[in-house]
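Listed here are the chains, written in short residue letters.
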Amino acid sequence: MTDAQPTSGARKRIRLGDLLVENRMITAQQLDKALAEQKKTGARLGRMLVELGYIDDHALLGFLSRQLNVPHVDLRQFQFRPETVRRLPETLSRRFRAIVLEDRKGSYLVGFADPTDLFAQDEIARVLQGPVQVAVVRESDLLAAFDTVFRRTDEISSIAEELGEELADSDIDLAQLAMGADVTEAPVVRLLQTLFEDAVQVGASDVHIEPDETVLRIRQRIDGVLQEQVMKERRIAPALVSRLKLMGGLNISEKRLPQDGRFNIRVRERSIDVRLSTMPTIHGESVVMRLLDQSQGILGLDRIGMPEDMVRRFRRAIHRPHGMVLVTGPTGSGKTSTLYSALAELNVAGKKIITIEDPVEYRLPRINQVQINFKINLTFAGVLRTALRQDPDIILIGEMRDQETAEIGLRAAMTGHLVLSTLHTNDAVSTANRLIDMGAPGYLVATSLDAVLAQRLVRRICPNCAEPAPPDAHERAWLATLVDLQLAHDGHGFKRGSGCMQCNNTGYKGRIGVFELLEIDDDLADALRRSDAAAFHRRALSKPGFRTLTQTAIDLAAQGLTTLEEVVRIGGEIDLDDSTYSATLSTVTSADAALATTTNATTSVPSIATTSPPSPPATGTVTPPAGASTPTTPGRGSEQANRLELAPLEFSPHRDRGPSGQQS
Ligand SMILES: [Zn+2]
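Residues numbered from 1 in each chain as written. Predicted model: local features only at pLDDT ≥ 70, side-chain atom pairs only at ≥ 80, totals over all residues. Heavy atoms only, no water.

How should the overall build of the protein be read in this particular structure?
A count of helices and strands for the protein gives 26 helices and 19 strands. For the protein, buried positions account for 53% of its 664 residues. When contacts within the protein are restricted to residue pairs at least 6 apart in sequence, long-range pairs at least 24 apart make up 67% of them. Accessible area for the protein stands at about 29,300 Å²; split by element, carbon and sulfur atoms hold 51% of it. (Helix = DSSP H or I, 4+ residues; strand = E, 2+ residues; numbered from the N terminus. Buried < 20%, exposed > 50% of the residue type's maximum accessible area, 1.4 Å probe, protein only. Contact = heavy atoms within 4.5 Å. Areas by Shrake-Rupley, 256 points an atom, 1.4 Å probe, with all protein chains shown as cover.)

Even after reading the chapter, I still don't get the sheet that holds strand β12 (residues 368-371), so can you show me in this structure?
Sheet strands associate in pairs through backbone hydrogen bonding, adopting either a parallel or an antiparallel arrangement. Spatially, the 7 strands line up as an open sheet ordered β12-β11-β13-β14-β10-β15-β18, and their pairing is mixed. The sheet terminates laterally at β12 and β18 (508-519), the two strands that pair on one side only. Sheet twist, expressed as the mean angle between neighbouring strand axes with direction ignored, is 15°. Pairing analysis gives 6 bridges linking strand β10 (residues 323-328) to strand β14 (residues 418-423), with the strands arranged parallel. (Pairing = 2+ DSSP bridges. Axes fitted to C-alpha atoms, helices over the stretch in contact; angles between N-to-C directions.)

Can you help me understand the packing of helix α18 (residues 428-437) against helix α23 (residues 533-541) in this one?
Packed helices, taken two at a time, are described by the angle between their axes plus the distance between the axes. As a packed pair, α18 and α23 sit with axes 9 Å apart at the nearest point and diverge in direction by 155°. Relative to α23, the element α18 is oriented roughly antiparallel. Where α18 crosses over α23, the two elements pack in a sense that is right-handed. Facing α18, whose interface residues are Val429, Ala432 and Asn433, α23 presents Ala533, Phe536, His537, Ala540 and Leu541. Its residues placed into classes, the contact of α18 with α23 shows 6 nonpolar, 2 polar and no charged. (Parallel < 35°, antiparallel > 145°, perpendicular 65-115°, else oblique. Left-handed = near helix turned anticlockwise from the far one by under 90°. Nonpolar A, V, L, I, M, F, W, Y, C, P; charged D, E, K, R; others polar.)

Please clarify how the nonpolar core should be interpreted in this entry.
Here is a general trend for soluble globular proteins: nonpolar side chains tend to be buried in one another's company. Counting 60 residues, the largest nonpolar core has Leu435, Leu449, Leu518 and Phe536 as its most contacted members. It is helix α24 (residues 549-558) that provides the largest number of residues to this core, a total of 6 residues. For Phe536, the residues in contact, after removing those within four places along its chain, are Val429, Ala432, Asn433, Leu518, Ile520, Leu524, Ala527 and Leu528. Within the second largest apolar cluster, 37 residues are counted, among which are Ile159, Leu191, Leu244 and Met289. (Core = buried A, V, L, I, M, F, W, Y, C linked by side-chain atoms within 4.5 Å.)

Explain the sheet that holds strand β3 (residues 132-136) to me, please; I cannot follow it from the model alone.
Across the sheet, 3 strands lie side by side as β1-β2-β3; this open sheet has mixed pairing. Lying at the two open borders of the sheet, with one neighbouring strand each, are β1 (98-103) and β3. Averaged over all adjacent pairs, the angle separating strand axes in this sheet is 30°, with direction ignored. Relative to strand β2 (residues 108-112), β1 runs antiparallel, the two sharing 5 bridges. Looking across to β2, one finds that Asp103 is bridged to Tyr108. Docked against the sheet, helix α8 (residues 118-128) engages β1, β2 and β3, running at close to 145° with respect to β2.

Looking at this structure, how should I read the side chain of Thr405?
In this structure, Thr405 sits in helix α17 (residues 403-414). Of the residues examined, Thr405 reaches a relative accessible area of 0% and is grouped as buried. When near neighbours in sequence (up to four residues on either side) are disregarded, Thr405 contacts Phe380, Ala381, Leu384, Ile397, Glu399 and Met400.

What is the right way to read the environment of Met279 from this model?
Residue placement: Met279 occurs in strand β8 (residues 270-281). Sequence separation between Met279 and Asp260 is 19 residues; the distance between their C-alpha atoms is 9.0 Å. Apart from the residues within four sequence positions on either side, Met279 is in contact with Gly284, Glu285 and Ser286.

Can you help me understand the environment of Thr84 in this one?
Relative to the helices and strands, Thr84 is located in helix α6 (residues 82-85). Among the residues examined, Thr84 registers a relative accessible area of 7% and is labelled buried. Sequence separation between Thr84 and Asp103 is 19 residues, and the spatial gap between their C-alpha atoms is 6.6 Å. Ignoring any residue separated from it by four or fewer positions in sequence, one finds Thr84 in contact with Val100, Leu101, Glu102 and Asp103.

Looking at this structure, I do not really get the pairing of β14. What am I missing?
Within a regular strand, side chains alternate between the sheet's two faces. With 6 of its 6 residues buried, β14 lies for the most part within the structure. Of the two faces of β14, the one carrying Leu418, Leu420 and Thr422 and the one carrying Val419, Ser421 and Leu423 are both buried. Note that the unit made of strand β13 (residues 394-397), α17 and β14 has a crossover that is right-handed. (Right-handed = clockwise from strand over helix to strand, strands pointing away.)

Looking at this structure, I do not really get the pattern of salt bridges. What am I missing?
Opposite charge on two side chains lets them pair, provided their charged atoms get close. Counting across every chain of the model gives 46 salt bridges. Salt-bridge contacts for Arg219 lead to Glu210; the nearest nitrogen and oxygen are separated by 3.1 Å. Between Glu233 and Lys232 there is a salt bridge; the shortest N-O distance is 3.6 Å. Taken together, the shared-partner salt bridges in this structure form one network comprising Asp521, Asp523, Asp526, Arg530, Asp532, Arg539 and Lys543. (Salt bridge = Lys/Arg side-chain N within 4 Å of Asp/Glu carboxyl O.)

Laid out in structure tokens, this is it:
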């Protein structure tokens, strides 16, 4: 059953290890060591040798290619045809570490991570019913390619169909179905398992199950953007929801009230914490699940994408023995992760740390984490009072939503505690005044508040298909209003992703944090004490070295890490109710409104839009052309055949989550 079995049975195979030793690529001792390790871990020999540092994978690939006289194919550059790759079923592809690259009319070019595996070659030739030409490929690239090509979309559709038929046949008692003895065989269980596997495979943060009038929508948030799969088996929705409610320990007969719960699943050898929330809609209960991968760990502050100089300043603020440090931004801006990074750094035996959270997202050793529970009146303010009697050095308040919490927090910060918290404000500068608006006295804010970090996430350009994209005249004019002219005019660092297999043709892969850090010095504290909001704003913006979120985002775009389109997107989330600010950002808003128009149009078009490139880069003064509803990039039509065939999926850029996203 293991990966190694098929090869060990084939005596005729050339042994990779012996080949390497004969050619003095590794020593016999190194081979023995690697074989011993391999026994323990079950990993492939090639990978083991690379991991042990005996050979680098580039040298290994070159060696194999020369020695066996087979071509080396770089999968990162290769344009796959999913239908060709799928000639070999996923299980076999994964077992043999092989990928079908070309259908050569009767014979096939197949990439192998281990091209010495003759058994695999024979088996594959048998399955494909044609001779196999061998190429060598890097194993890590091969596995990444599988994750893109073998999405679970088809499987999800077919199990949904099966479940739909089963439910049509008879009126099944849903609770029975969920708890029955043959539960692992039930289509509803398999469907959910496949759904979770797909979500984890593509790195989705949330899964939404939404019954509509005639269809069932399953949407996954990937890098902040929802991708949608529409199923016609609307009737399976109650079965899915019931099963999930059961897993989350909820009352399955209560369908009229919202509920929330959690459960843990194991997917692809990872432990995933799932937090689910149900909501009664007019078409039935909808469920949203947030997936938290506990195995991913917390990044250090210098690895979250903050510029070096800012890390230094932020560290200075969190290492003070008292005072308040706030991280702000809408939901999904990464502020919780940043606070956890800070906590991980502060978490030493000599400090007592208490967190008050809703919900507790990651469990941290040594830290006393308290989960808010409104049902039993365990509120932020209430727990905070208790926490202060527990002799803490550092307190993290998940969110300051009301005057009472803010005020107790500020007083705690003034009386010798370091208080970390978040606020739903849009930028660092407006945050201090928001505290005063919430009813906190100006003198208290002035004395206690040390620093405010505003944060957003922008999508990172896919490194595989990044290409230069110098800003056009309009964009330059817009840039010049925000950053210095030099940067705007010499725009050769700017890039965009043209779209490839690795990024699902979106041009983006992963996300990066964008930050704005404001430290409250005497000058700013003075303005706060007098509750002079205008003076505070003016002084804050003129601090040497201060850069707004938009400016920091432009820096990232100028380095080719994100696009101007993404800069515009976060620019639009920044609160514009302040007149000094709106003057600078007015161009951004109009572009954002334009972008919103494009977005709405895109969402409503039933097409294979998942595979389409992102909407054209909307910028300060550019309005999207009429009919921009199905954005395409010139020169990409020919790649149609290479696109992933996820027909029922749609692509709808995620825009607003927090109150900030509301268009005026
Ligand atoms: Zn790409």
